Amino acid sequence: MTPLQRIQEQFTTEIIESHAFRGDETAIIRPGSLRAIAKFLKETPELDFNFLMDLTAVDYLFYAGGRVQKECRFEVVTHFFSLKHNHRLRVKVPIDEKEPEVDTLSDLWPSADWYEREVWDMFGIRFKGHPNLKRILMYEEFQGHALRKDYPVNKRQPLVGPQN
Amino acid sequence: MLLNVGPSHPAMHGVIRMIMELDGEKIKGVDIEIGYLHRAFEKMCETVMYTQCFPYTDRLNYVSPLINNVGFALAVEKLLGIDIPERAKYIRVIMSEISRVTDHLTCVGASAMELGAMSVFLYMIKAREFLYELVEEITGARLTISYVRIGGVKADLTAGFVDKAFAKIAEVRKVLIEADELLTRNRIFFDRMKDIGKISQEDAIAYGVTGPFLRSTGVAYDVRKASPYLIYDKLDFEVPVGSTGDNLDRYFVRMAEMEQSLRIIEQCFQQIPDGAVAADLTGVVIPAAQMVDSAKMGQTESLIEDEVNLDPTLQGSTRKFHDAINANKKDVVLPAKENTYGNIEGLMNHFKLVMYGHGIHPPMGEVYFPVEGANGELGFYIVSDGRDQPWRVRVHPPCFPIMAALPKCLIGDMMADLVPTFGSVNMIAGELDR
Amino acid sequence: MSFMSSPTNFFTSTLDAWVGWARKFSIFQYPFVTACCGMEYMATNCSHYDQDRFGAGFPRFSPRQSDVLFVVGTISHKMAPVLKTVHDQMCEPKWVVAFGVCTCTGGFYDNYSTVMGIDTIIPVDIYIPGCPPRPENVLDGLMKLQEKIQKGEQSRTLYDPRTKLGRPAELQGGYSIEGHIKHIDSLS
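All of these numbers come straight from a predicted model, not from anything done at the bench.

Novice: Just to check I follow, could you spell out the overall build of chain A for this structure?
Specialist: Assigned secondary structure in chain A consists of three helices and seven strands. Ordering the α and β elements of chain A from the N terminus gives α-β-β-α-β-β-β-β-α-β. Viewed in the frame of its principal axes, chain A has a C-alpha envelope of about 60 × 40 × 25 Å. Sorting the 164 residues of chain A into buried and exposed places 38% on the buried side. Contacts in chain A between residues at least 24 apart in sequence constitute 49% of all its contacts with a sequence separation of at least 6.

Novice: So what exactly am I meant to see when it comes to the overall build of chain C here?
Specialist: The helix and strand tally for chain C stands at six helices and six strands. Traced from its N-terminal end to its C-terminal end, chain C shows the element sequence α-β-α-β-α-β-α-β-α-β-β-α. Put simply, 75% of the contacts in chain C that link residues at least 6 apart link residues at least 24 apart.

Novice: Help me out: how do you make sense of the environment of Thr158(B) in this one?
Specialist: Residue and element names in this part refer to chain B. Turning to its location among the elements, threonine 158 is positioned in the loop between strand S5 (152-153) and helix H6 (161-183). Classification of threonine 158 as partly exposed rests on a count of 13 C-beta atoms within 10 Å. Considered as a pair, threonine 158 and threonine 300 are 142 residues apart in the sequence and their alpha carbons are 29 Å apart. Aside from chain neighbours lying at most four places away, what touches threonine 158 is Glu137, Ile138, Gln315 and Gly316.

Novice: Mind showing me how you'd approach the interface of chain A and chain C here?
Specialist: Where the parts come together, the accessible area they lose is often given as the size of the interface. The interface of chain A with chain C comprises 13 residues on the first partner and 14 residues on the second. Across the side of chain A that touches chain C, the residue classes break down as eight nonpolar, three polar and two charged.

Novice: Can you help me understand the interface of chain B and chain C in this one?
Specialist: The interface is formed by 26 residues belonging to chain B together with 28 residues belonging to chain C. Listed by contribution, the elements that provide at least two residues to the side of chain B that touches chain C are helix H1 (41-45), helix H5 (118-139) and helix H18 (429-433) of chain B. At four residues, the largest contribution of residues to the side of chain B that touches chain C is made by H5(B). Grouping the amino acids of the side of chain B that touches chain C by side-chain chemistry returns 15 nonpolar, six polar and five charged.

Novice: Can you help me understand the confidence of the model for chain C in this one?
Specialist: Regions with low pLDDT carry predicted coordinates that are not meant to be interpreted in detail. All names here are of chain C. The share of residues in chain C with pLDDT of 70 or more is 84%, and the mean pLDDT across the chain is 81. With pLDDT under 50 throughout, residues 1-5 is counted as low confidence; its partners more than four residues away or in other chains account for 12 contacts. The low-confidence segment residues 172-180, where pLDDT is below 50, has six contacts with residues more than four positions distant or belonging to other chains. Taken together, the chains of this predicted complex give a pTM of 0.90 and an interface ipTM of 0.93.

Novice: Honestly, the sheet that holds strand S1 (residues 2-5) of chain B in this entry has me stumped. Any pointers?
Specialist: Within a sheet, neighbouring strands are paired by backbone hydrogen bonds and run either parallel or antiparallel to one another. Residues and elements named next belong to chain B. A sheet is described by the order of its strands in space; here three strands give the open sequence S1-S2-S3, paired in antiparallel fashion. In this open sheet, the two edge strands, each paired with only one partner strand, are S1 and strand S3 (26-33). When strand polarity is set aside, the average angle formed by the axes of neighbouring strands in this sheet is 25 degrees. As paired elements, strand S2 (residues 17-23) and S3 share seven bridges and run antiparallel to each other. The residue bridging leucine 22 from the neighbouring strand is isoleucine 27, located in S3.

Novice: Before we go on, may I ask you to explain the packing of helix H2 (residues 37-45) of chain C against helix H5 (residues 135-151) of chain C in this structure?
Specialist: Working note: a packed helix pair is described by the angle between its axes plus the distance between those axes. Residues and elements named next belong to chain C. Contact geometry of H2 with H5 gives a least axis separation of 9 Å together with a crossing angle of 75 degrees. Classified by the interaxial angle, the pair formed by H2 and H5 is roughly perpendicular. On the side of H2, the interface is formed by Glu40, Ala43 and Thr44, while H5 contributes Pro135, Val138 and Leu139. Taken together, the residues that form the contact of H2 with H5 break down as four nonpolar, one polar and one charged.

Novice: I tried to follow the pairing of strand S4 (residues 74-81) of chain A on my own but got confused; where do I start?
Specialist: For a regular strand, side chains alternate in direction, first toward one face of the sheet and then toward the other. Residues and elements named next belong to chain A. In terms of residue burial, S4 counts as a mostly covered element, since eight of its eight residues are buried. By the alternation rule, side chains of S4 split into Phe74, Val76, Thr78 and Phe80 and Glu75, Val77, His79 and Phe81, which are all buried. Across eight bridges, the pairing between strand S3 (residues 51-59) and S4 is antiparallel. The residue of S4 that forms the bridge with leucine 52 is phenylalanine 80. Following S4, the chain reverses through six residues before pairing antiparallel with strand S5 (residues 88-95); asparagine 86 in that reversal takes a positive phi of roughly 55 degrees.

Novice: Any chance you could explain the nonpolar core here in plain terms?
Specialist: Soluble globular proteins: nonpolar side chains tend toward being buried together. Core analysis: the largest hydrophobic core is formed by 215 residues, its most contacted members being Met124(B), Met403(B), Val71(C), Leu83(C), Val97(C) and Phe99(C). Ranked by residue count, the leading element in this core is helix H4 (residues 86-114) of chain B, at 14 residues. Structurally, this core is a two-domain feature, drawing no fewer than three residues from each of domain 1 (50-150 + 157-274 + 361-408 + 417-433) and domain 2 (285-354) of chain B. With sequence-adjacent residues up to four places away left out, Met403(B) is seen in contact with Ile32(B), Ile34(B), Val425(B), Met427(B) and Leu432(B).

Novice: I would appreciate a short explanation of helix H16 (residues 399-410) of chain B in the present structure.
Specialist: With 12 residues, H16(B) should reach 16 Å at 1.5 Å per residue; the first-to-last C-alpha distance of 16 Å fits that figure. Within H16(B), 10 of the 12 residues are buried, leaving the element largely enclosed by the surrounding structure. Three or more residues of H16(B) are buried, namely Cys399(B), Phe400(B), Pro401(B), Ile402(B), Met403(B), Ala404(B), Ala405(B), Leu406(B), Cys409(B) and Leu410(B). Among the structural elements, helix H3 (112-123) of chain A together with S3, helix H8 (201-206), helix H9 (212-215), helix H17 (418-425) and H18 of chain B are those in contact with the buried residues of H16(B). Positive backbone phi, approximately 105 degrees, marks Gly412(B), located one or two places after H16(B).

Novice: For this particular structure, what's the right way to read unusual backbone geometry?
Specialist: Excluding glycine, residues mostly carry a negative phi; peptide bonds, for their part, are mostly trans. Residue and element names in this part refer to chain C. Residue proline 93 is reached from glutamate 92 by a cis peptide bond, and omega for that bond is -10 degrees. Secondary-structure assignment places proline 93 in the loop between helix H3 (80-89) and strand S3 (95-99). The residue after cysteine 131, namely proline 132, is reached through a cis peptide bond having omega -10 degrees. Mapped onto the secondary structure, proline 132 falls in the loop between strand S4 (126-128) and H5.

Novice: Sorry if this is basic, but what is going on with the pairing of S5(A) here?
Specialist: All names here are of chain A. S5 sits mainly inside the fold: six of its eight residues count as buried. Pairing geometry for strand S2 (residues 26-29) and S5, over three bridges, is parallel. Counterpart to isoleucine 28 in the pairing with S5 is lysine 92. Sheet analysis places S4 next to S5, joined by eight bridges and oriented antiparallel. Bridge pairing in S5 places valine 76 opposite valine 93.

Novice: When you look at the sheet that holds S4(A) in this model, what are you seeing that I'm missing?
Specialist: Residues and elements named next belong to chain A. Here we have five strands laid out as an open sheet, ordered S1-S2-S5-S4-S3, and mixed in their pairing. Strands at the two margins of the open sheet, each flanked by one partner only, are strand S1 (15-19) and S3. Strand after strand, the sheet turns through a mean of 20 degrees between neighbouring axes, direction not considered. Each of S1, S2 and S5 is contacted by helix H1 (residues 3-10), which is oriented at about 160 degrees to S1, the strand it contacts most.

Novice: I keep staring at the packing of helix H3 (residues 65-80) of chain B against H4(B) and nothing clicks. Help me out?
Specialist: Residue and element names in this part refer to chain B. For the pair H3 and H4, interaxial distance at closest approach is 7 Å and the crossing angle is 140 degrees. Our classification of the angle between H3 and H4 gives oblique. Between H3 and H4, the contacting residues are Pro65, Leu66, Ile67 and Val70 on the first element and Arg92, Met95, Ser96, Ser99 and Arg100 on the second. Within the contact of H3 with H4, the residues separate by chemical class into five nonpolar, two polar and two charged.

Rules behind the numbers
- Residues numbered from 1 in each chain as written.
- Chains lettered and ligands numbered in written order.
- Predicted model: local features only at pLDDT ≥ 70, side-chain atom pairs only at ≥ 80, totals over all residues.
- Helix = DSSP H or I, 4+ residues; strand = E, 2+ residues; numbered from the N terminus.
- Buried ≥ 20, exposed ≤ 12 C-beta atoms within 10 Å, placed from the backbone.
- Contact = placed C-beta atoms within 7 Å.
- Nonpolar A, V, L, I, M, F, W, Y, C, P; charged D, E, K, R; others polar.
- pLDDT = per-residue confidence, 0-100.
- Pairing = 2+ DSSP bridges.
- Axes fitted to C-alpha atoms, helices over the stretch in contact; angles between N-to-C directions.
- Parallel < 35°, antiparallel > 145°, perpendicular 65-115°, else oblique.
- Core = buried A, V, L, I, M, F, W, Y, C linked by C-beta atoms within 7 Å.
- Domains from an automatic or database assignment.
- Expected span 1.5 Å × (residues − 1).

Next comes the structure, spelled out in structure tokens:
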């Protein structure tokens, strides 16, 4: 039984959508159930996802030129990996633009700490319960969130030097 | 006492800032600040076409640029759902393994130099120069090569490359033996690396660490064995594993991995299928400029069969090599230059792939593809919306979780132990900050 | 302009020549290494393309003890204040080498986080383009730097991206005013 089927039978109401495009199993879940599903993934012996491989976000503003409308602007994407069973799972959480907040995973997997800081820095999504949510790649004086689609690529905010 | 090990510091590893909380000489806490080399790789990739992302991927882990190129190409090929010819796969593996050896040489050499072993550094950079000569012969550049293309590679191996490669590999092996003699049983090196920078297996897994750092703690996880890509399942190599997770184990793991990479390269040369399809060479061999001129003037009768004499630096990318090293997909792979200049179909094919608005159009969707980088699992997560430019390119940098776990390794050690531990992390700022 | 006094007699001009010769063969560099160019810097430093035969072999890892600031690799806006501080900490006479195209003009990183050319922040003497420059290019740049050191010339201009012209750099502590005045005259 693949990981996707296992969580589908456990959390049938929480999973909005799922697919396995090009062999990557993906589940899109409701934001409120992230912690419950994450704990289940970590603690069930036959899933045993002990690696949080990656945690990132995607901004779907004006996706596909506006032809495809997604309900929520952001999506937090987590990749899980199990060392023992050698299987992977991708879990996506749609985040609304007006309240960009989701629960933290840093107490379950310490690796989530820095990944969540990067998502806050680049996208502006807050993580409830994160011990130290501050910018990691940009400097503190930087205004805005750089990887959002409405931040122009060459809008500079220099600290020293000419302001062009 | 708070001590700032500032962004610009002598260890030639890149820019990072560590604020250390010291109690005398013992480290009580470390706060690491990164982002000093943030070059907006992910944002730049959203503004250019897929093939134009390759130069940006070179500069991620700049000591092993070919592995980054291969990882990105494999991710896009997974998204497109295409497969590449066998020979191209073997060439990609050979170049990846050469890159892995250059990375480990730089890491071990630089960390040895910081402990005072200057000669080892010079020997390892000498060995790295031998490998750079090999890379330069095939790709044209030493460091930032942009060699891999979606659907294949840019040019085939040159004639006589195999013998040169075997000779250089023998030289690199000699250097490895010399370095081993100088370092492994050296009292000073041993004392400074043994039991320093220890991390336990549970902590390493909890922090999501992969690569030599994880293998030194005893976990035999290597992406090439766990989810083999390209032709790694046909090759016979071992994955060296340490036991204690200290600096010395990481040094041993890297030295052993270099030997295994050299073995892989030799096996590839024995197994690689033949290259140039000596097709319909009925025509005369003409210089390339003459072909372009006659095509522009409309004298195209014999250009379908003619073989072109290119500059030696462009060897390996002519029509007869093209099918062996590129997938047979006209909507993804640029045609050979003789076809671009010689007939109208090639010209239109070239235009459709190069002009803005046209280009490679993967289906809408997302993929994640992990490859084994020199520091661990290098993953590319690409989201496509059907256009010729990627919607989102995310790199999972192998040294990001390692740097997050670094405070755990350092606490309890002395101030001077920062240098060997940080050296064995092999932090590459281009990859960490992107 | 020259920091050495305008040579009017045989003794000072010969002395200047000897001092220039001595200075150009004992270059103490501060390698401000950030990115990929650092690998080619290491290659230039080591056995194949030895830098030591030019007298520039041993880098001084403290700005207080070095003459030449080799800025190697991309400078981001987070790093720019650090670069300015390090440059200010160096004592006269000092030269700056912009190594790699990211330091010359910003390279292909035209985005929110890269400084498009360090000459907007600190005055640069030698520009070595290349991504990364081959070690032979680096040695060529080093030899041009040596000519500059021999003549005793230093750059005192910053690049102003709005006007695309140079503008004089702020003077750092106790330096002669003649060069500054000459420069203002040459701008008008």
